[in-house]
Amino acid sequence: MMKYDYLIVGSGLFGSIFAHEARKRGKSCLVVERRGHIGGNCYTLREEGINVHYYGAHIFRTDDKKIWDYMQQFCEFNRFINSPLANYKGEIYNLPFNMNTFSKLWGITTPQQAQSIIEAQKKHLQKEPSNLEEQAISLVGTDIYEKFIKGYTQKQWGRACKDLPKSIIRRIPVRFTYDNNYFNDPYQGIPKGGYTRIFEQLLEGCEVLLDTDFLKHRAELGQKAKKIIFTGTIDSFFDYELGALEYRSLKFEHECLDVANFQGVAVVNFTDEETPYTRIIEHKHFEFGTGERTIISREYPVSHHREIEPYYPINDVKNQELYARYQALAQREKNVVFKGRLGAYKYFDMQDVVKSALAYTEEELGASS
């Protein structure tokens, strides 16, 4: 019955990189994917000559040249720099928070003026921040918090900022320069031709079963390989026997428009609480498209349930304690390992997933020749 060395559940970044590296080392892999396409949340769908980031904006960035060079094997990245905008009740501001933002917000021109305003606005906090609201104000003051953080965050998480842990906002990108580049990483861009092309190369030579829910067929599929790499939710593997871990989810509305340019930038964040969506993404701007039509996606935060994709783990004390109990169950599994953002119950940037997948590959199979 054991036809494969590895059964990999999920064709996202972790599973696909491990499958690729295992195949390079002569191992056989079966990849089982619940959805009807490969690539997980990085999947791009080509429509109207535009590569649509179907599950939200994915901008690859890293400060690690080894990771950048590794990804360059599979694609050429363009020179896209993430410079999103904030729309607060129709007013447009630059992100990340920088001198362009401060100049429009306060009518000032120098870094010293901006720093003085922020320091004055957070003076009332006399103790260590105990929640997200206090943490945000301690970093950027009350004006920026009220206009750009409070409404957006409460939409995103479905809770008041006072009821969210401060760990969600450990740091906020603030620059006292006129620089709209959101990331500091020296390497960043979008793969020319979309992300799906990368996954097609990563999974070349592997058998892939789409539209296949491993958990519904585990008795049959679990017998096909010596070891299982499970990148789904760890609580679902154990049939939620200790309870369900909590997530926030997203809903996307994609729309094709008969205009060449809808908003002039790839990403606009809507930071007031009244607008029901958090972002509008205009996909053609990721690859400098020039066609006569455009495709936009509105991104709505929604409550998570088991029938929809989980996105953001709610890493409060209660959920971390529950995850630790699931980890204890996982350690008893002899031929199953739990990997990726869902297996680790942690939000990862793409570069972190790549690093994690390569590190595990070397641990499991040794360095590539």
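Please refer to the structure higher up on the page.
Keep in mind that what you see is a predicted model, and the values were worked out from it rather than measured.

1. Focus on the overall build of the chain
- Counting its secondary structure elements, the chain contains eleven helices and 16 strands.
- Taken along its principal axes, the extent of the C-alpha atoms in the chain is 70 × 50 × 40 Å.
- Split into buried and exposed, the 369 residues of the chain put 54% on the buried side.
- Restricting to contacts in the chain with at least 6 residues of sequence separation, those with at least 24 account for 72%.
- Surface accessibility of the chain: about 17,500 Å² in total, with carbon and sulfur atoms responsible for 47%.
- Counting 48 positive and 49 negative side-chain charges, the chain places the averaged centre of each group 3 Å from the other.

2. Concerning the state of the cysteines
- Per the stated rule, a full pass over the model turns up zero disulfides.
- A disulfide-free cysteine, Cys42 has its sulfur positioned 11 Å from the sulfur of Cys75, the nearest such atom.
- The buried category is assigned to Cys42, whose relative accessible area is 8%.
- Cysteine Cys206 shares no disulfide, and the gap to the nearest cysteine sulfur, in Cys29, comes to 4.7 Å.
- Overall, the relative accessible area of 13% leaves Cys206 in the buried class.

3. Comments concerning the packing of helix 1 (residues 13-24) against helix 11 (residues 350-365)
- Contact geometry for helix 1 and helix 11: axes closest at 9 Å, N-to-C directions at 35°. The element helix 1 and its partner helix 11 pack so that their crossing is right-handed. Residues Leu13, Phe14, Ile17, Phe18, Glu21 and Ala22 of helix 1 form the contact with helix 11, whose own contacting residues are Met350, Val353, Val354, Ser356, Ala357, Leu358, Tyr360, Thr361, Glu364 and Leu365.

4. Points about the packing of aromatic side chains
- According to the stated counting rule, one finds 31 aromatic pairs in the structure shown.
- With centroids separated by 5.1 Å and ring planes inclined at 65°, the aromatic side chains of Phe230 and Phe237 adopt a geometry described as edge-to-face.
- By relative accessible area, Phe230 is classed as buried at 2%.
- Classification of Phe237 as buried rests on a relative accessible area of 7%.
- Judged by centre distance (5.2 Å) and plane angle (85°), the rings of Tyr247 and Tyr345 are edge-to-face. In this pair, Tyr247 is assigned in strand 11 (residues 247-257) and Tyr345 in the loop between helix 10 (340-343) and helix 11, connecting sequence segments 98 residues apart.
- The class for Tyr247 is buried, based on a relative accessible area of 5%.
- The buried category is assigned to Tyr345, whose relative accessible area is 1%.
- One aromatic cluster in this structure is built from Phe214, Phe230, Phe237, Phe238, Tyr326 and Phe338.

5. Considerations on the packing of helix 3 (residues 99-106) against helix 4 (residues 111-121)
- Packing of helix 3 against helix 4 leaves a shortest axis separation of 10 Å and a crossing angle of 70°. In terms of axis orientation, helix 3 runs roughly perpendicular to helix 4. Note on element contacts: helix 4 touches helix 3 through Pro111, Ala114, Ile117, Ile118 and Gln121, opposite Met99, Phe102 and Trp106.
- A class-by-class count of the residues in the contact of helix 3 with helix 4 yields seven nonpolar, one polar and no charged.

6. A short note on the pattern of salt bridges
- Here the structure, examined in full by the defined rule, presents 21 salt bridges.
- Between Glu128 and Lys166 there is a salt bridge whose closest N-O contact spans 3.1 Å. Here Glu128 is found in the loop between helix 4 and helix 5 (132-157), whereas its partner Lys166 is found in the loop between helix 5 and strand 8 (187-189), with 38 residues between them in sequence.
- The class of Glu128 is exposed, set by a relative accessible area of 58%.
- Of the charged contacts in the structure, one is a salt bridge between Glu246 and Lys318, with a shortest N-O distance of 3.2 Å. Here Glu246, found in the loop between helix 8 (234-237) and strand 11, pairs with Lys318, found in helix 9 (residues 317-330); they are 72 residues apart in sequence, far enough to count as distant.
- The class of Lys318 is exposed, set by a relative accessible area of 54%.
- When salt bridges with common partners are traced through the structure, they connect Arg34, Arg35, Glu309 and Arg341 into a single cluster.

7. Examining the nonpolar core
- Among the nonpolar cores identified, the biggest contains 57 residues, and Leu7, Phe97, Phe102, Ile144, Ile149 and Phe214 are the most heavily contacted of them.
- With nine residues, the top contributor of residues to this core is helix 5.
- Not counting residues within four places of it along the chain, the set of residues in contact with Leu7 comprises Leu30, Val32, Phe214, Leu221, Gly222, Ala225, Lys227, Ile228 and Ile229.
- Among the nonpolar cores identified, the runner-up in size contains 42 residues, and Val31, Trp68, Tyr195 and Leu202 belong to it.

8. Focus: the sheet that holds strand 16 (residues 336-338)
- Taken in spatial order, the five strands line up as 9-2-1-10-16 in an open sheet, and their pairing is parallel. The strands lining the two open edges of the sheet, one partner per strand, are strand 9 (207-209) and strand 16. Averaged over all neighbouring strand pairs, the angle between strand axes comes to 20°, with direction disregarded.
- Here strand 2 (residues 29-32) runs beside strand 9; their pairing, made up of three bridges, is parallel. Pairing of Val32 across the sheet is with Leu209, part of strand 9.
- Relative to strand 1 (residues 4-9), helix 1 is tilted by about 165°, and along the sheet it contacts strand 1, strand 2 and strand 10 (225-230).
- Taken strand by strand, helix 11 contacts strand 1, strand 10 and strand 16, and its axis lies near 160° from that of strand 10.

Calculation rules
Residues numbered from 1 in each chain as written. Predicted model: local features only at pLDDT ≥ 70, side-chain atom pairs only at ≥ 80, totals over all residues. Heavy atoms only, no water. Helix = DSSP H or I, 4+ residues; strand = E, 2+ residues; numbered from the N terminus. Buried < 20%, exposed > 50% of the residue type's maximum accessible area, 1.4 Å probe, protein only. Contact = heavy atoms within 4.5 Å. Areas by Shrake-Rupley, 256 points an atom, 1.4 Å probe, with all protein chains shown as cover. Lys, Arg positive; Asp, Glu negative; His and termini not counted. Charge placed at Lys NZ, Arg CZ, Asp CG, Glu CD. Disulfide = S-S within 2.5 Å. Axes fitted to C-alpha atoms, helices over the stretch in contact; angles between N-to-C directions. Left-handed = near helix turned anticlockwise from the far one by under 90°. Phe/Tyr/Trp six-rings, centres within 6.5 Å; stacked < 30°, edge-to-face > 60°. Parallel < 35°, antiparallel > 145°, perpendicular 65-115°, else oblique. Nonpolar A, V, L, I, M, F, W, Y, C, P; charged D, E, K, R; others polar. Salt bridge = Lys/Arg side-chain N within 4 Å of Asp/Glu carboxyl O. Core = buried A, V, L, I, M, F, W, Y, C linked by side-chain atoms within 4.5 Å. Pairing = 2+ DSSP bridges.

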